[in-house]
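Next come the chains, spelled out residue by residue.
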Amino acid sequence: MAEIIDPQQADQAQSLQEATTAVASGSSRPTAHAQRYDRQLRLWASSGQASLESSSVLLIGATHLGAQSLKNLILPGIGSFTVLDGQMVGEYDVGNNFFLEAESSYGKPRAQEVARCLAELNPSVKGRAVCDDPARLLSSDPGFFSQFTLIIAANQPPHALLALSDLCWSHATPLPLISVRGAGMIGSVRVQIKELGIIETHPASTVDLRLTSPWPELEAFAQGYDVQDRDAMAHGHIPYIVILLRKLDEWRQSYGELPVPSKDRKAFAQSVDAMRDKSVVDTENFDEAIAALGQAVWRPIASGRKVPAEVGALFDDPACATAPTPGTTNFWLLVRALRAFTLAEGHLPLPGSLPDFKATSATYVALQRLYKDKARRDVAALRGCLGEVLQEAGLPGDAVPSGEIEAFAKNASYIKLIRGRNLRDLQANPNKDAVPLALMDPVNPPTVQHHIAFEAIDAFYASTGRFPGSSKGMTDSLIGGASHGAGASHSMSTSSSAASLGTRGDDYDGEPDKKRQRSDSPFVATNGAGTSAGTGVDAEMKTATPQLSDNGEAREGAEEDDDEGTPPWREDLAACLALLEGPGGILERWGLPCDPAQDDDRDANDDDDDDEPSGATLVRKSVRELVRSGHGDVASTASFLGGIVGQEAIKVIARQYVPVGAGSGVVLYDGVKQCVGAMT
């Protein structure tokens, strides 16, 4: 013990002196940048923040839903953003979009006003607006979308979203795409990722004590530790690492092999407990040793491998076996180097972290030094393997940042490769097996029915050009398409025009009257054929809300749909329900049986929960709720969905944590039931 304490105390004194000198010189004072982003740096560190600040994000659709989604990326400090939208700001927008100014924004390009107001949230983030129809720009200038790190599509129609998905998927460097949609109190968020290598998955713990295969210095430390000292203080502070190493060595010498979990678990635990001095009151360290057996001893022995199966699969992946090129991503360069390191060393790099345990300060520091020194040697060896890989790829030796190499070595056991599916593949081959499992959840209310119901809404849009329960003008407002009717004169006619965020629309013809009548709104309600109906969207919102019963039918005494601009609610609902049923219908496509005796009771009160409804009934309920909502952009729903979008976008941009659904999943939100679910 004495041989260990003196140098440790000297090192501690030296570290304290260095820390004191650093504080005195003021070098440890956090910068203004670190103070601004202090809380989030604790989550994804400086490497994640650097990725955010170098990113460029495109938002398609400057609705309240889109603005809420982008807000949650501007506040953490992305590098820049672009808002793409072809609409003008109307009274409906200033009534529900918190990121517009009621008086000064009215009548101006919505993309410009939303971008200007969002840019005020964080002066370090650059923003611009493109005032154009997203669908038109997608077909006329697809190269425009290749400049961004991530694309967020808010409430985009199915045909435009499918084309955007194909574009992102087939790009030379595949672009991550997040599509978000909200309809009243129902919403969904889908993440599309072709391939994403994640180094920092942030597992619960990266501790690897390496007790079943210790390196020589650790073995020497354990064997040289005096475990026979009868002093109560010394006995109660034997590190459990030393206890287990000594007992494993004794077992190996007695039986010629490590204990077998299936038959030796109890005997080995008893041998550990027998080492405890019953006369000593405080022997918490032996309790720690027994508690650590599962994680530190049994699991490594039972796995029978020194490389986790998921990491081994990466070694066998064709992307790792193929010779690297200058275009190979850092992730695959590091995986190839890790494979060479493992072949040479026989194990993965040691993370070097230690848990908290009972020991004297001197002993703990000595063990910590052993693990840190081994981790540094492993990083150096990995860096050498990487140098050979970089040379093979024709890349400079510093092509991969040093910090990224160290993070990779520390998290080598937990790296993850995400390979998702694109939207076209998901539509052609839906995961029908996930539906029964989701509907049978005994604890959480099901949400998968909303995903299927949205498919019926998309099918309705494909045949009518509008969302059910909403007019053509209102639909164009939700998707950010070009303005129609009276407001068309305000629409910018040039494509890909970046509007300045520092102006208040002085380039446009006149300031709209603050007391302007709703009939003069830039939005003009239209009928299903898309012709002008002579009333504004805001007037439409008053007359458009149907008086529906709980099962989706119009209540008795409700006003007839005699307003020319009001969509035919009964017909819309019937059309959507018809898309669900019959041979080749959506229910059949998802493997949900339609039993008329159980499911087709449309006159019954759907809120009767005495009997558990079938999957088809839940889908019908969801369709009725979506039609009833008119695809309205509700503030509370937009705020919640925007938080999910921000969370998933940060995961993708920072390449940390694991995105929902492994790159092809969808998050479903039910604001009526107040529940969230996910499916892949």
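Residues numbered from 1 in each chain as written. Predicted model: local features only at pLDDT ≥ 70, side-chain atom pairs only at ≥ 80, totals over all residues. Heavy atoms only, no water.

A.B. asks: Describe the overall build of the chain, and please don't skip the residues or the numbers.
C.D. replies: In terms of regular secondary structure, the chain is built from 29 helices and 13 strands. By residue count, 51% of the 680 residues in the chain fall in the buried class. When the accessible surface of the chain is summed, it comes to about 30,500 Å², and 51% of that surface belongs to carbon and sulfur atoms. (Helix = DSSP H or I, 4+ residues; strand = E, 2+ residues; numbered from the N terminus. Buried < 20%, exposed > 50% of the residue type's maximum accessible area, 1.4 Å probe, protein only. Areas by Shrake-Rupley, 256 points an atom, 1.4 Å probe, with all protein chains shown as cover.)

A.B. asks: I'd love a proper account of the packing of helix α3 (residues 38-53) against helix α29 (residues 635-654), names of residues and values included.
C.D. replies: Two numbers describe how α3 lies on α29: the axes approach to 8 Å, and their chain directions differ by 95°. By the criterion of interaxial angle, the relationship of α3 to α29 is roughly perpendicular. The segment α3 lies against α29, with Trp44, Gly48, Ser51 and Leu52 engaging Ile650, Ile653 and Ala654. Residues belonging to the contact of α3 with α29 are distributed by class as follows: five nonpolar, two polar and no charged. (Axes fitted to C-alpha atoms, helices over the stretch in contact; angles between N-to-C directions. Parallel < 35°, antiparallel > 145°, perpendicular 65-115°, else oblique. Contact = heavy atoms within 4.5 Å. Nonpolar A, V, L, I, M, F, W, Y, C, P; charged D, E, K, R; others polar.)

A.B. asks: Explain unusual backbone geometry to me, using residue names and the numbers behind them.
C.D. replies: Residues other than glycine seldom take positive phi values, yet Asn155 does so here, at roughly 55°. Inspection of the secondary structure assignment puts Asn155 in the loop between β4 (150-154) and α8 (158-170). Its identity as a non-glycine residue notwithstanding, Tyr657 has a phi of 65°, on the positive side. Tracing the chain through its elements places Tyr657 in the loop between α29 and β12 (666-670). Look at Tyr657 and you get partly exposed, because its relative accessible area is 26%.

A.B. asks: Which residues make up the environment of Val242, and what values do they have?
C.D. replies: Within the element layout of this structure, Val242 appears in helix α11 (residues 240-255). Each C-alpha atom of the pair Val242 and Ala222 lies 5.1 Å from the other, and the pair is 20 residues apart in sequence. Ignoring any residue separated from it by four or fewer positions in sequence, one finds Val242 in contact with Phe221, Ala222, Tyr225 and Val227.

A.B. asks: How would you summarise the packing of aromatic side chains if you had to cite specific residues and measurements?
C.D. replies: One pass over the full model with this rule turns up twelve aromatic pairs. Judged by centre distance (6.1 Å) and plane angle (50°), the rings of Phe221 and Tyr225 are tilted. The exposure class assigned to Phe221 is buried, which follows from its relative accessible area of 13%. For the pair Tyr461 and Phe467, a centre-to-centre distance of 5.3 Å together with 45° between the ring planes defines the contact as tilted. Taking the relative accessible area as the measure of exposure, Phe467 reaches 1% and is therefore buried. (Phe/Tyr/Trp six-rings, centres within 6.5 Å; stacked < 30°, edge-to-face > 60°.)

A.B. asks: Please provide a residue-by-residue account of the pairing of β12, values included.
C.D. replies: Of all five residues making up β12, five are buried, and the element is well covered by its neighbours. Burial of β12 is two-sided: the residues Val666, Leu668 and Asp670 facing one way and the residues Val667 and Tyr669 facing the other way are all buried. Relative to β12, strand β6 (residues 186-192) runs antiparallel, the two being bridged by five bridges. Pairing of Ile186 across the sheet is with Asp670, part of β12. (Pairing = 2+ DSSP bridges.)

A.B. asks: Break down the side chain of Ser55 for me, citing the residues and quoting the values.
C.D. replies: Here Ser55 lies in the loop between α3 and β1 (56-60). Residue Ser55 is classed as buried on the basis of its relative accessible area, which comes to 3%. Excluding residues within four positions of it along the chain, Ser55 makes contact with Ile78, Gly79, Ser80, Thr149 and Ile653.

A.B. asks: So, the pattern of salt bridges: which residues are in play, and what are the values?
C.D. replies: One pass over the full model with this rule turns up 29 salt bridges. In this structure, the salt-bridge partner of Lys472 is Asp476, at a minimum N-O distance of 3.1 Å. Within this pair, Lys472 and its partner Asp476 are both found in helix α23 (residues 472-479), separated by four residues, close to a single helical turn. Judged on exposure class, the residue Lys472 and its partner Asp476 are both buried. (Salt bridge = Lys/Arg side-chain N within 4 Å of Asp/Glu carboxyl O.)

A.B. asks: Requested: an account of the pairing of β1, with residues and values cited.
C.D. replies: Across the five residues of β1, five count as buried, placing the element largely inside the fold. Because side chains alternate across β1, one face comprises the buried residues Ser56, Leu58 and Ile60, and the other comprises Val57 and Leu59, equally buried. Sheet analysis places β1 next to strand β2 (residues 80-85), joined by five bridges and oriented parallel. Pairing of Ser56 across the sheet is with Ser80, part of β2. For the crossover that starts at β1, traverses helix α4 (residues 64-74) and ends in the parallel β2, the hand is right-handed. In this sheet, β4 lies alongside β1 in parallel orientation, the contact comprising four bridges. (Right-handed = clockwise from strand over helix to strand, strands pointing away.)

A.B. asks: Could you give me a rundown of helix α25 (residues 569-580), with the residues and numbers involved?
C.D. replies: Spacing of three or four residues puts side chains on the same side of an α-helix, whose turn is 3.6 residues. The first and last C-alpha atoms of α25 sit 17 Å apart over twelve residues, in line with the 16 Å expected at 1.5 Å per residue. Turning to α25, its buried residues are Trp569, Asp572, Leu573, Cys576, Leu577 and Leu580. Down the axis, α25 shows its buried residues gathered within 125° of arc, on one side only. The first or second residue beyond α25 is Gly582, which carries a positive phi of 80°. (Expected span 1.5 Å × (residues − 1). Arc of directions from axis to C-beta.)

A.B. asks: Outline helix α18 (residues 361-393), supporting the account with residue identities and numerical values.
C.D. replies: For α18, which comprises 33 residues, the first-to-last C-alpha distance of 47 Å matches the rise-based estimate of 48 Å (1.5 Å per residue) to within 8%. Where α18 ends, the next residue or the one after it, Gly394, has phi of about 75°, a positive value.

A.B. asks: Any details on the environment of Ala163? Residues and values, ideally.
C.D. replies: Among the secondary structure elements, Ala163 is positioned in helix α8. Through-space distance from the C-alpha of Ala163 to that of Leu138 is 7.8 Å; in sequence the pair is 25 residues apart.

Worth remembering: the numbers are spatial, not functional.
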